Amino acid sequence: MIYTLTLNPALDHIVRLDYLDLGQTNRMDQELIKAGGKGINVTKLLKNLGLDSAILGYVGGFTGDELERILVKDQGLWTDFIHVQKGFTRINVKIKAGLETEINGPGLDISIDEIEALYKKLDQIEDGAYLLLSGSIPKSLGVGFYKDIMERLKEKSIKIIVDASGKALEATLALRPFLVKPNLRELEEIFGLEIKEKKEISFYAKKLQDLGAKNIMVSLGKVGAYMVDISGKEYFIRAPEGKLVDSVGSGDSMVAGFVYGIEKGFSFEDILKFSVACGSATAFSENIGTKEEIYKLYKKM
(Lines give C-alpha, C1' and ligand atoms only; values in the text may rest on other atoms or scores of the structure.)
Protein backbone atom coordinates (compact mmCIF):
# COMPACT_ATOMS: atom_id res chain seq x y z
CA MET A 1 0.00 0.00 0.00
CA ILE A 2 1.10 3.57 -0.68
CA TYR A 3 0.32 6.47 1.66
CA THR A 4 0.97 10.14 0.91
CA LEU A 5 0.98 12.64 3.76
CA THR A 6 0.17 16.27 3.00
CA LEU A 7 0.19 18.27 6.22
CA ASN A 8 -0.43 21.62 4.56
CA PRO A 9 -2.81 21.11 1.61
CA ALA A 10 -4.44 24.04 -0.14
CA LEU A 11 -7.05 25.14 -2.57
CA ASP A 12 -4.99 26.67 -5.36
CA HIS A 13 -6.80 29.63 -6.93
CA ILE A 14 -5.09 30.07 -10.29
CA VAL A 15 -5.84 33.32 -12.13
CA ARG A 16 -4.61 34.43 -15.55
CA LEU A 17 -4.45 37.93 -16.97
CA ASP A 18 -2.27 39.71 -19.50
CA TYR A 19 -0.81 42.22 -17.09
CA LEU A 20 -0.87 42.80 -13.33
CA ASP A 21 -1.22 46.50 -12.52
CA LEU A 22 -0.13 46.88 -8.90
CA GLY A 23 -2.26 49.23 -6.82
CA GLN A 24 -5.17 49.08 -9.27
CA THR A 25 -8.25 46.93 -9.81
CA ASN A 26 -7.36 44.04 -12.12
CA ARG A 27 -9.80 41.75 -13.93
CA MET A 28 -8.79 38.17 -14.58
CA ASP A 29 -9.21 36.53 -17.98
CA GLN A 30 -9.40 32.98 -16.60
CA GLU A 31 -9.57 31.30 -13.21
CA LEU A 32 -9.30 27.74 -11.97
CA ILE A 33 -9.47 26.13 -8.53
CA LYS A 34 -7.45 22.96 -7.86
CA ALA A 35 -6.80 20.80 -4.83
CA GLY A 36 -3.09 21.36 -4.19
CA GLY A 37 -0.36 19.79 -2.11
CA LYS A 38 2.75 17.77 -2.89
CA GLY A 39 1.48 14.46 -1.54
CA ILE A 40 -1.85 15.03 -3.26
CA ASN A 41 -0.04 15.52 -6.58
CA VAL A 42 1.82 12.24 -6.06
CA THR A 43 -1.46 10.42 -5.48
CA LYS A 44 -2.99 12.00 -8.60
CA LEU A 45 -0.18 10.79 -10.85
CA LEU A 46 -0.11 7.31 -9.30
CA LYS A 47 -3.87 7.11 -9.98
CA ASN A 48 -3.21 8.03 -13.62
CA LEU A 49 -0.73 5.15 -13.78
CA GLY A 50 -3.19 2.70 -12.21
CA LEU A 51 -1.79 2.59 -8.66
CA ASP A 52 -4.05 3.48 -5.75
CA SER A 53 -2.76 5.36 -2.74
CA ALA A 54 -4.32 6.94 0.34
CA ILE A 55 -4.05 10.66 1.07
CA LEU A 56 -3.42 11.45 4.74
CA GLY A 57 -3.22 14.88 6.32
CA TYR A 58 -5.26 17.68 7.83
CA VAL A 59 -8.13 19.78 6.49
CA GLY A 60 -10.37 22.34 8.12
CA GLY A 61 -13.37 24.57 7.58
CA PHE A 62 -15.31 25.22 4.37
CA THR A 63 -12.17 25.19 2.24
CA GLY A 64 -11.19 21.82 3.66
CA ASP A 65 -14.63 20.45 2.79
CA GLU A 66 -14.28 21.72 -0.77
CA LEU A 67 -10.75 20.32 -1.15
CA GLU A 68 -11.95 16.88 -0.04
CA ARG A 69 -15.00 17.09 -2.33
CA ILE A 70 -12.76 17.81 -5.33
CA LEU A 71 -10.45 14.92 -4.54
CA VAL A 72 -13.11 12.31 -3.75
CA LYS A 73 -16.13 13.17 -5.89
CA ASP A 74 -14.46 14.86 -8.85
CA GLN A 75 -11.23 12.86 -9.07
CA GLY A 76 -12.08 9.54 -7.42
CA LEU A 77 -9.17 9.58 -4.96
CA TRP A 78 -9.06 7.96 -1.53
CA THR A 79 -8.66 10.40 1.36
CA ASP A 80 -8.33 9.78 5.08
CA PHE A 81 -8.02 13.34 6.40
CA ILE A 82 -8.26 14.52 9.96
CA HIS A 83 -10.69 17.45 10.22
CA VAL A 84 -9.32 20.06 12.62
CA GLN A 85 -11.56 22.01 14.95
CA LYS A 86 -10.12 25.48 14.38
CA GLY A 87 -9.32 27.43 11.24
CA PHE A 88 -9.64 26.46 7.60
CA THR A 89 -7.51 24.92 4.88
CA ARG A 90 -5.41 27.62 3.25
CA ILE A 91 -6.02 29.20 -0.13
CA ASN A 92 -2.95 29.77 -2.32
CA VAL A 93 -3.36 32.39 -5.02
CA LYS A 94 -1.24 31.90 -8.13
CA ILE A 95 -1.28 34.92 -10.44
CA LYS A 96 -0.12 34.17 -13.97
CA ALA A 97 0.52 37.48 -15.73
CA GLY A 98 3.77 37.06 -17.63
CA LEU A 99 5.84 36.36 -14.54
CA GLU A 100 4.07 34.16 -12.00
CA THR A 101 3.31 35.56 -8.55
CA GLU A 102 2.21 33.34 -5.68
CA ILE A 103 0.52 34.34 -2.41
CA ASN A 104 0.35 31.33 -0.09
CA GLY A 105 -1.77 31.01 3.02
CA PRO A 106 -0.22 30.23 6.42
CA GLY A 107 -1.66 26.78 7.08
CA LEU A 108 -3.63 25.23 9.92
CA ASP A 109 -3.03 25.40 13.67
CA ILE A 110 -2.90 21.75 14.76
CA SER A 111 -3.72 20.80 18.37
CA ILE A 112 -2.01 18.12 20.46
CA ASP A 113 -5.10 15.90 20.22
CA GLU A 114 -5.07 16.24 16.42
CA ILE A 115 -1.37 15.33 16.32
CA GLU A 116 -2.13 12.20 18.31
CA ALA A 117 -4.99 11.36 15.95
CA LEU A 118 -2.53 11.40 13.02
CA TYR A 119 -0.04 9.24 14.91
CA LYS A 120 -2.77 6.64 15.48
CA LYS A 121 -3.44 6.49 11.75
CA LEU A 122 0.27 6.17 10.98
CA ASP A 123 0.60 3.38 13.52
CA GLN A 124 -1.78 1.30 11.37
CA ILE A 125 0.52 1.39 8.33
CA GLU A 126 1.64 -2.12 7.53
CA ASP A 127 5.18 -3.42 6.94
CA GLY A 128 6.22 -3.19 3.30
CA ALA A 129 4.14 -0.08 2.63
CA TYR A 130 5.37 3.24 1.22
CA LEU A 131 4.91 6.48 3.15
CA LEU A 132 5.63 9.76 1.38
CA LEU A 133 6.31 12.78 3.58
CA SER A 134 5.92 15.71 1.23
CA GLY A 135 5.87 19.49 1.37
CA SER A 136 5.84 22.18 4.01
CA ILE A 137 5.04 21.60 7.67
CA PRO A 138 2.59 23.88 9.53
CA LYS A 139 4.35 26.02 12.13
CA SER A 140 2.24 24.48 14.89
CA LEU A 141 3.87 21.07 14.26
CA GLY A 142 7.51 22.20 14.24
CA VAL A 143 10.21 21.77 11.63
CA GLY A 144 11.20 18.35 13.01
CA PHE A 145 7.79 16.75 12.61
CA TYR A 146 8.82 14.45 9.74
CA LYS A 147 11.72 13.25 11.87
CA ASP A 148 9.29 12.63 14.74
CA ILE A 149 7.11 10.49 12.46
CA MET A 150 10.10 8.46 11.31
CA GLU A 151 11.24 7.94 14.91
CA ARG A 152 7.80 6.62 15.78
CA LEU A 153 7.77 4.20 12.84
CA LYS A 154 11.42 3.13 12.89
CA GLU A 155 10.68 -0.40 14.13
CA LYS A 156 8.51 -1.05 11.07
CA SER A 157 9.71 -2.01 7.58
CA ILE A 158 8.20 0.98 5.78
CA LYS A 159 9.80 2.65 2.77
CA ILE A 160 9.69 6.31 3.76
CA ILE A 161 10.26 8.93 1.08
CA VAL A 162 10.97 12.53 2.07
CA ASP A 163 10.34 15.37 -0.36
CA ALA A 164 10.94 18.42 1.79
CA SER A 165 13.49 21.20 2.08
CA GLY A 166 15.90 22.74 4.56
CA LYS A 167 15.89 21.68 8.19
CA ALA A 168 12.80 19.49 7.71
CA LEU A 169 14.75 17.30 5.28
CA GLU A 170 18.07 17.43 7.12
CA ALA A 171 16.48 16.22 10.36
CA THR A 172 15.31 12.98 8.70
CA LEU A 173 18.61 11.87 7.14
CA ALA A 174 20.00 9.99 10.13
CA LEU A 175 16.84 7.84 10.13
CA ARG A 176 17.73 6.52 6.65
CA PRO A 177 14.81 7.51 4.41
CA PHE A 178 14.38 5.26 1.37
CA LEU A 179 14.50 8.26 -0.96
CA VAL A 180 15.04 12.00 -0.68
CA LYS A 181 14.35 14.27 -3.65
CA PRO A 182 15.75 17.77 -3.37
CA ASN A 183 15.83 20.03 -6.40
CA LEU A 184 19.07 21.83 -7.22
CA ARG A 185 18.17 24.94 -5.23
CA GLU A 186 17.26 22.85 -2.18
CA LEU A 187 20.53 20.92 -2.43
CA GLU A 188 22.39 24.23 -2.50
CA GLU A 189 20.45 25.47 0.55
CA ILE A 190 21.32 22.40 2.61
CA PHE A 191 25.05 22.96 2.13
CA GLY A 192 24.95 26.77 1.92
CA LEU A 193 26.64 27.14 -1.46
CA GLU A 194 26.10 27.52 -5.19
CA ILE A 195 26.47 24.43 -7.38
CA LYS A 196 27.74 25.12 -10.89
CA GLU A 197 29.01 21.80 -12.27
CA LYS A 198 27.67 18.27 -12.65
CA LYS A 199 30.49 16.84 -10.54
CA GLU A 200 29.39 19.09 -7.65
CA ILE A 201 25.84 17.70 -7.86
CA SER A 202 27.34 14.23 -7.52
CA PHE A 203 29.59 15.26 -4.63
CA TYR A 204 26.85 16.85 -2.53
CA ALA A 205 24.22 14.22 -3.33
CA LYS A 206 26.65 11.61 -2.06
CA LYS A 207 27.08 13.68 1.09
CA LEU A 208 23.34 13.24 1.69
CA GLN A 209 23.91 9.52 1.30
CA ASP A 210 26.77 9.68 3.80
CA LEU A 211 24.35 11.36 6.20
CA GLY A 212 21.91 8.44 5.88
CA ALA A 213 19.61 8.67 2.85
CA LYS A 214 19.50 5.41 0.85
CA ASN A 215 18.61 6.80 -2.58
CA ILE A 216 18.92 10.42 -3.71
CA MET A 217 17.22 11.94 -6.73
CA VAL A 218 18.00 15.58 -7.60
CA SER A 219 15.58 17.28 -9.99
CA LEU A 220 17.30 19.74 -12.31
CA GLY A 221 14.33 21.30 -14.09
CA LYS A 222 14.54 21.42 -17.87
CA VAL A 223 18.06 19.93 -17.72
CA GLY A 224 16.83 16.59 -16.35
CA ALA A 225 17.76 14.75 -13.16
CA TYR A 226 20.60 13.05 -11.29
CA MET A 227 20.33 10.00 -9.05
CA VAL A 228 22.63 7.97 -6.85
CA ASP A 229 21.13 4.63 -5.82
CA ILE A 230 21.53 2.63 -2.65
CA SER A 231 24.60 0.83 -4.04
CA GLY A 232 26.34 4.13 -4.86
CA LYS A 233 25.83 3.88 -8.63
CA GLU A 234 25.15 7.21 -10.35
CA TYR A 235 22.82 8.16 -13.20
CA PHE A 236 22.10 11.34 -15.13
CA ILE A 237 19.14 11.66 -17.50
CA ARG A 238 18.41 14.64 -19.74
CA ALA A 239 14.84 15.89 -19.85
CA PRO A 240 12.92 15.51 -23.10
CA GLU A 241 12.20 18.62 -25.12
CA GLY A 242 8.77 20.18 -24.92
CA LYS A 243 6.83 23.35 -24.24
CA LEU A 244 6.61 24.30 -20.57
CA VAL A 245 2.98 24.92 -19.62
CA ASP A 246 3.01 24.70 -15.82
CA SER A 247 5.87 23.38 -13.67
CA VAL A 248 3.69 22.99 -10.55
CA GLY A 249 3.59 19.32 -9.56
CA SER A 250 6.43 18.22 -11.85
CA GLY A 251 8.75 17.37 -8.95
CA ASP A 252 5.94 15.50 -7.20
CA SER A 253 5.32 13.59 -10.41
CA MET A 254 8.96 12.51 -10.40
CA VAL A 255 8.53 11.07 -6.92
CA ALA A 256 5.43 9.20 -8.08
CA GLY A 257 7.42 7.87 -11.04
CA PHE A 258 10.11 6.58 -8.68
CA VAL A 259 7.56 4.67 -6.58
CA TYR A 260 5.89 3.26 -9.68
CA GLY A 261 9.26 2.13 -11.06
CA ILE A 262 10.21 0.41 -7.81
CA GLU A 263 6.81 -1.32 -7.65
CA LYS A 264 7.11 -2.53 -11.25
CA GLY A 265 10.66 -3.82 -10.81
CA PHE A 266 12.40 -1.33 -13.12
CA SER A 267 16.17 -1.00 -13.01
CA PHE A 268 17.36 2.17 -11.27
CA GLU A 269 18.40 3.63 -14.62
CA ASP A 270 14.90 3.09 -15.99
CA ILE A 271 13.38 4.37 -12.76
CA LEU A 272 15.17 7.69 -13.22
CA LYS A 273 14.22 7.81 -16.90
CA PHE A 274 10.58 7.09 -16.04
CA SER A 275 10.61 9.66 -13.21
CA VAL A 276 11.86 12.36 -15.58
CA ALA A 277 9.19 11.38 -18.10
CA CYS A 278 6.56 11.77 -15.37
CA GLY A 279 7.86 15.18 -14.33
CA SER A 280 8.08 16.36 -17.93
CA ALA A 281 4.59 15.13 -18.82
CA THR A 282 3.19 17.22 -15.98
CA ALA A 283 5.31 20.26 -16.88
CA PHE A 284 4.08 20.11 -20.48
CA SER A 285 0.42 19.97 -19.41
CA GLU A 286 -2.18 22.08 -17.58
CA ASN A 287 -2.72 19.15 -15.24
CA ILE A 288 -0.88 16.16 -13.78
CA GLY A 289 0.60 14.00 -16.55
CA THR A 290 -1.46 11.13 -17.92
CA LYS A 291 -0.23 7.58 -18.51
CA GLU A 292 -0.36 8.09 -22.27
CA GLU A 293 1.67 11.32 -22.09
CA ILE A 294 4.23 9.77 -19.74
CA TYR A 295 4.85 6.65 -21.82
CA LYS A 296 5.06 8.68 -25.02
CA LEU A 297 7.96 10.66 -23.53
CA TYR A 298 9.51 7.64 -21.82
CA LYS A 299 9.77 5.67 -25.07
CA LYS A 300 11.55 8.58 -26.75
CA MET A 301 14.21 8.96 -24.07
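Presented here is a report on the structure given in the accompanying data block. (Residues numbered from 1 in each chain as written. Predicted model: local features only at pLDDT ≥ 70, side-chain atom pairs only at ≥ 80, totals over all residues. Heavy atoms only, no water.)

Right, let's talk about the pattern of salt bridges for a bit. Inspection of every chain in the model, using the stated rule, returns 18 salt bridges. In this structure, R185 engages E189 in a salt bridge whose closest nitrogen and oxygen atoms are separated by 2.8 Å. A residue pair is termed a helical-turn pair when its members lie 3 or 4 positions apart in one helix, as R185 and E189 do in helix 6 (residues 184-191) at four residues. Looking at E189, the relative accessible area reads 44%, which means it is partly exposed. Here E234 makes a salt bridge to K206, at a shortest N to O gap of 3.1 Å. With E234 in strand 13 (residues 234-238) and K206 in helix 7 (residues 198-210), the pair connects residues that are 28 residues apart, well separated along the chain. (Salt bridge = Lys/Arg side-chain N within 4 Å of Asp/Glu carboxyl O. Helix = DSSP H or I, 4+ residues; strand = E, 2+ residues; numbered from the N terminus. Buried < 20%, exposed > 50% of the residue type's maximum accessible area, 1.4 Å probe, protein only.)

Here we take up the nonpolar core. In this structure, Y58, L131 and I149 are the most contacted members of the largest nonpolar core, which totals 46 residues. For this core, the element with the most residues is helix 4 (residues 145-153), which contributes five residues. If we ignore the near neighbours within four places in the chain, the residues touching Y58 are T6, L7, P9, F81, I82, V84, L108, I110, E114, I115, L118 and L141. By size, the runner-up hydrophobic cluster in this structure holds 34 residues, among which are L132, V259, L272 and I294. (Core = buried A, V, L, I, M, F, W, Y, C linked by side-chain atoms within 4.5 Å. Contact = heavy atoms within 4.5 Å.)

Axis separation between helix 1 (residues 38-48) and helix 8 (residues 250-263) bottoms out at 8 Å; the angle between their running directions is 50°. It follows that helix 1 is oblique to helix 8 by the angle criterion. As for how helix 1 packs across helix 8, the hand of that crossing is right-handed. Facing K38, N41, V42, L45 and L46 of helix 1, the residues of helix 8 in contact are D252, S253, V255, A256, G257 and Y260. For the contact of helix 1 with helix 8, a count of residues per class yields six nonpolar, three polar and two charged. (Axes fitted to C-alpha atoms, helices over the stretch in contact; angles between N-to-C directions. Parallel < 35°, antiparallel > 145°, perpendicular 65-115°, else oblique. Left-handed = near helix turned anticlockwise from the far one by under 90°. Nonpolar A, V, L, I, M, F, W, Y, C, P; charged D, E, K, R; others polar.)

This paragraph deals with the environment of S250. Here S250 is to be found in helix 8. Considering only alpha carbons, one finds S250 and N104, 146 residues apart in sequence, at a separation of 19 Å. Excluding anything up to four places from it in sequence, S250 contacts G279, T282 and A283.

Taken together, the six bridges between strand 4 (residues 54-59) and strand 5 (residues 78-83) define a ladder with parallel strand orientation. From the neighbouring strand, Y58 faces strand 5, where its bridge partner is I82. As a crossover connection, the stretch from strand 4 through helix 2 (residues 61-74) into strand 5 is right-handed. (Pairing = 2+ DSSP bridges. Right-handed = clockwise from strand over helix to strand, strands pointing away.)

Let's shift gears to the packing of aromatic side chains. Under the defined criterion, the tally for this structure stands at twelve aromatic pairs. An angle of 10° between the planes, with centres 6.3 Å apart, marks the rings of F266 and Y298 as stacked. Note that F266 is positioned in the loop between helix 8 and helix 9 (268-283) and Y298 in helix 10 (residues 291-300), a separation of 32 residues in sequence. On the accessibility criterion, Y298 (17% relative accessible area) is buried. An aromatic cluster is present here, built from Y260, F266, F274, Y295 and Y298 joined pairwise through their rings. Directly above the ring of Y130 sits K159, whose terminal nitrogen or CZ lies 5.3 Å from the centroid. Looking at K198, its charged tip hangs above the ring of F236, at a distance of 4.3 Å from the centre. (Phe/Tyr/Trp six-rings, centres within 6.5 Å; stacked < 30°, edge-to-face > 60°. Lys NZ or Arg CZ within 6 Å of the ring centre and 35° of its normal.)

Contact geometry for helix 8 and helix 9: axes closest at 7 Å, N-to-C directions at 145°. Note that helix 8 runs across helix 9; the crossing there is right-handed. Contacts between helix 8 and helix 9 pair S250, S253, M254, G257, F258, Y260, G261 and I262 from the former with F268, I271, F274, S275, V276, C278, G279, T282 and A283 from the latter. Residues of the contact of helix 8 with helix 9, tallied by class, amount to ten nonpolar, seven polar and no charged.

Structurally, N48 is set in helix 1. Among the residues examined, N48 registers a relative accessible area of 33% and is labelled partly exposed. Sequence-wise, N48 and E292 are 244 residues apart; in three dimensions their C-alpha atoms are separated by 9.1 Å. Excluding residues that lie within four positions of it along the chain, N48 makes contacts with I288, G289, T290 and K291.

Here the phi dihedral of R176 falls at roughly 60°; this positive angle occurs in a residue that is not glycine. Note on placement: R176 falls in the loop between helix 5 (166-170) and strand 10 (179-180).

What follows concerns helix 3 (residues 112-123). Helix length check: helix 3 (twelve residues) gives 17 Å between terminal C-alpha atoms against 16 Å at 1.5 Å per residue, within 8%. Those residues of helix 3 not exposed but buried are E114, I115, L118, Y119 and L122. Taken end-on, helix 3 shows its buried residues confined to a sector of 145°, consistent with a single buried face. Across helix 3 from its buried face, at more than 90 degrees, point the exposed residues D113 and K120. (Expected span 1.5 Å × (residues − 1). Arc of directions from axis to C-beta.)

These figures capture arrangement, not role.
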